[in-house]
Amino acid sequence: MNLFLEALGWLFARENWGGAGGILSRLQQHLYFTLAVVAVACVLALPAGVAIGHTRRGVAVVPMITASARALPTLGLLTLVGLWSGLGLVAPFCALLVLAIPPMLAGAYAGITSAETVTVDAARAIGLSSWQVLTQVELPAAVPLLLEGLRSTTLQVVATATLAAYTADVGLGRFLFAGLKTRDYAQMIGGALLVVVLALVLDLLLVQVKRLITRKLDPSTRIASAKESR
């Protein structure tokens, strides 16, 4: 209990918030690093997952990649890449990217395949092209699972991004490593609480975005909006 109170005291101490190594700066670094990893994961995994789900080619690749990535220890991978690339952000970025790609890939694939087969076949029967089937039938049905994959990826990355401080002076993980080195447990607990709060805020934002987009894509909502606009 005393350690928790000391951690709160560290968190609310004004002198810990300013400067290049202060809480505010570390929060920004952690957030930007997380967003960068998630953005690259989206660019790499979403097109691949959509293509596999749409064409049904390479379906066996999805569970294989997901299982392999889960089996890899992130800290071990970070150490190996760090030995090759040296100190800096390259090692944690690569390690977290390996962690981020599988849930995005699985979410995209599952989302596309969630479209009802009857609806897809009917769309093809009336003459829609493969691209039209994808954009007008499969992608709208895939949105909830796509967003769920994005949410899962973001939460995994923001929690694990503390490891970036292992090879670089970046992010909230710096408080954990510095606190461990100096036995400043209040700083360690305070840094961990900051990571938890950041993860909860991002989770809440993504849940609200998912609800908003899903509501807009709901056919009943679109019909009601069309009636109101008349």
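Because the structure is predicted, anything quoted here is derived from the model rather than measured.

Let's talk about unusual backbone geometry
Inference 1: One non-glycine residue, Arg56, lies in positive phi territory at about 65 degrees.
Inference 2: Within the secondary structure layout, Arg56 lies in the loop between α2 (23–55) and α3 (61–71).

A few points about the pattern of salt bridges
Pairing of side chains with opposite charge becomes possible as their charged atoms draw close.
Inference 1: Scanning the model with the defined rule gives 5 salt bridges in all.
Inference 2: Here Asp169 and Arg26 are joined by a salt bridge, their closest N and O atoms 2.8 Å apart. Here Asp169, found in the loop between α7 (130–160) and α8 (173–182), pairs with Arg26, found in helix α2; they are 143 residues apart in sequence, far enough to count as distant.
Inference 3: Here Asp169 falls in the partly exposed class, since its relative accessible area comes to 49%.
Inference 4: Relative accessible area serves as the criterion here: at 7%, Arg26 is assigned to the buried category.
Inference 5: The partner of Arg151 in a salt bridge is Glu148, and the shortest N-O contact between them spans 3.4 Å. With a gap of 3 residues between them, Arg151 and Glu148 both fall in helix α7, about one helical turn apart.
Inference 6: Given a relative accessible area of 23%, Arg151 falls into the partly exposed group.
Inference 7: Members of the salt-bridge network, linked through shared partners, are Glu148, Arg151, Asp203 and Lys210.

Focus: the packing of helix α5 (residues 90–113) against α7
Inference 1: The contact between α5 and α7 brings their axes to 7 Å, and the two run at 155 degrees. Classed by the angle they form, the pair α5 and α7 counts as roughly antiparallel. In this structure, α5 meets α7 at a crossing whose hand is right-handed.
Inference 2: Its residues assigned to classes, the contact of α5 with α7 comprises 16 nonpolar, 7 polar and 1 charged.

Description of helix α1 (residues 2–11)
Inference 1: Those residues of α1 that fall on the buried side of the exposure criterion are Ala7, Trp10 and Leu11. All buried residues of α1 fall inside an arc of 100 degrees around its axis, so they share one side.
Inference 2: Those residues of α1 that are buried lie in contact with α2, α8 and α9 (185–217).

Considering empty space enclosed by the protein
Inference 1: One pass over the full model with this rule turns up 1 cavity of 30 Å³ or more.
Inference 2: Each pocket or cavity is described by its volume, and for the largest cavity that value is around 40 Å³.
Inference 3: In terms of lining, the largest cavity is formed by Ala69, Leu72, Pro73, Thr74, Leu77, Ala95, Val98 and Leu99.
Inference 4: Sorting the residues of the lining of the largest cavity by element identifies α4 (74–85) and α5 as the ones contributing at least two each.
Inference 5: The biggest single contributor to the lining of the largest cavity is α5, with 3 residues.
Inference 6: Grouping the amino acids of the lining of the largest cavity by side-chain chemistry returns 7 nonpolar, 1 polar and no charged.

Thresholds, definitions, all that
Residues numbered from 1 in each chain as written. Predicted model: local features only at pLDDT ≥ 70, side-chain atom pairs only at ≥ 80, totals over all residues. Heavy atoms only, no water. Helix = DSSP H or I, 4+ residues; strand = E, 2+ residues; numbered from the N terminus. Salt bridge = Lys/Arg side-chain N within 4 Å of Asp/Glu carboxyl O. Buried < 20%, exposed > 50% of the residue type's maximum accessible area, 1.4 Å probe, protein only. Axes fitted to C-alpha atoms, helices over the stretch in contact; angles between N-to-C directions. Parallel < 35°, antiparallel > 145°, perpendicular 65-115°, else oblique. Left-handed = near helix turned anticlockwise from the far one by under 90°. Nonpolar A, V, L, I, M, F, W, Y, C, P; charged D, E, K, R; others polar. Arc of directions from axis to C-beta. Contact = heavy atoms within 4.5 Å. 1 Å grid on protein atoms, 1.4 Å probe; cavity = no way out; pocket = protein on both sides within 12 Å on 5 of 7 lines; lining within 4 Å. Points joined across faces, edges and corners; volume = space filled by probe spheres on them.

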